Amino acid sequence: MSYSFTLNGQTVEATTPGLTPLLTVLRDQHGLQGAKLGCGEGRCGSCTVLVDDQPVAACLFPVANVAGRAVRTVEGLAAPGAPLTPVQDALLDHGGVQCGACIPGVVMTLTALLESEPAVDAATAKEALTGNICRCTGYVKIVEAAVAASGRGDQA
């Protein structure tokens, strides 16, 4: 089957069986390597992308479910040479980036959170990040970055 969807602002086609994971289509057919295969079970968040502005585990999300919808990956957030997004800037400024395995998924989760709720506190950021596992940073700096990106100074 062939599935048409919007990928980072461009209409694309994926010709593949409908149950093929979106992650496979993004990486193998479209060359987008930002979303990573971590656990393959939808538990770690390293494959998180946005479908119609909602975070999904692309390792489990069938490509048939994106037909006619909008998909955003970390590659679609800031064009090459363009300024980074507030989430990306805040993660860099607060030291919330280390190995890079989970960070694209974290960026996408926080992007969705801050687009739907522009002012968040630490508790809200922590709740949003429950589906993203990071073994390098320990979350404190990621949560601080989320609060900073939201424009709030409180860490409560």
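Rules used in this analysis
Residues numbered from 1 in each chain as written. Predicted model: local features only at pLDDT ≥ 70, side-chain atom pairs only at ≥ 80, totals over all residues. Heavy atoms only, no water. Domains from an automatic or database assignment. Contact = heavy atoms within 4.5 Å. Buried area = accessible area lost by both parts, 1.4 Å probe. Salt bridge = Lys/Arg side-chain N within 4 Å of Asp/Glu carboxyl O. Buried < 20%, exposed > 50% of the residue type's maximum accessible area, 1.4 Å probe, protein only. Helix = DSSP H or I, 4+ residues; strand = E, 2+ residues; numbered from the N terminus. Patch = residues over 30% accessible without salt bridge, like charges linked within 9 Å, V, L, I, M, F, W, Y side chains within 5 Å. Areas by Shrake-Rupley, 256 points an atom, 1.4 Å probe, with all protein chains shown as cover. Axes fitted to C-alpha atoms, helices over the stretch in contact; angles between N-to-C directions. Left-handed = near helix turned anticlockwise from the far one by under 90°. Nonpolar A, V, L, I, M, F, W, Y, C, P; charged D, E, K, R; others polar.

1. Some details on the domain arrangement of the chain
For the chain, the domain assignment lists domain 1 (2-76) and domain 2 (86-155). Of note, the centres of domain 1 and domain 2, computed from C-alpha atoms alone, are 21 Å apart. Facing 14 residues of domain 1, the contacting portion of domain 2 comprises 15 residues. Three residues stand out in domain 1 for area buried against domain 2, namely Cys44, Thr48 and Val74, and they jointly supply 38% of the buried area on that side. Linking domain 1 with domain 2 are 1 salt bridge.

2. Focus: helix α5 (residues 140-149)
Of the positions making up α5, those classed as buried are Ile142, Val143, Ala145, Ala146 and Val147. Following α5 by one or two positions, glycine 151 adopts a phi angle in the positive range, close to 90 degrees.

3. Notes on a nonpolar patch on the surface
Together, Leu84, Leu92 and Val97 give the surface a local cluster of nonpolar side chains, amounting to about 230 Å² of exposed area. Secondary-structure assignment places leucine 92 in helix α2 (residues 86-93). Note on leucine 92: relative accessible area 52%, which makes it exposed.

4. What to know about the pattern of salt bridges
Tallied over the full model, the rule gives 4 salt bridges. Of the charged contacts in the structure, one is a salt bridge between arginine 69 and aspartate 52, with a shortest N-O distance of 2.9 Å. Here aspartate 52 lies in the loop between β3 (48-51) and β4 (54-57) and arginine 69 lies in the loop between β4 and β5 (70-72), a separation of 17 residues in the sequence. When the shortest N-O distance is used, the salt bridge between aspartate 53 and arginine 72 registers 2.8 Å. Linking aspartate 53 in the loop between β3 and β4 with arginine 72 in strand β5, this pair joins segments that are 19 residues apart in sequence. A relative accessible area of 41% means that aspartate 53 is categorised as partly exposed. Here the residues in one salt-bridge network are Asp53, Arg72 and Glu115, joined through shared partners.

5. Examining the packing of helix α3 (residues 103-116) against α5
Following both chains from N to C, one finds α3 and α5 inclined at 35 degrees, their axes separated by 11 Å at the closest point. When the axes of α3 and α5 are compared, the crossing they make is right-handed. For the pair α3 and α5, the contacting residues are Ile103, Val106, Leu110 and Leu114 in the first and Ile142, Ala146 and Ala149 in the second. Tallied by class, the residues present in the contact of α3 with α5 amount to 7 nonpolar, no polar and no charged.

6. Here's the deal with unusual backbone geometry
With glycine set apart, most residues show a phi of negative sign, and most peptide bonds adopt trans. Unusually for a residue other than glycine, asparagine 8 sits at a positive phi of about 50 degrees. As for its position among the elements, asparagine 8 is in the loop between β1 (2-7) and β2 (10-15). Located in the positive-phi region is aspartate 52, a residue other than glycine, with phi close to 50 degrees. Of the residues examined, aspartate 52 reaches a relative accessible area of 37% and is grouped as partly exposed.

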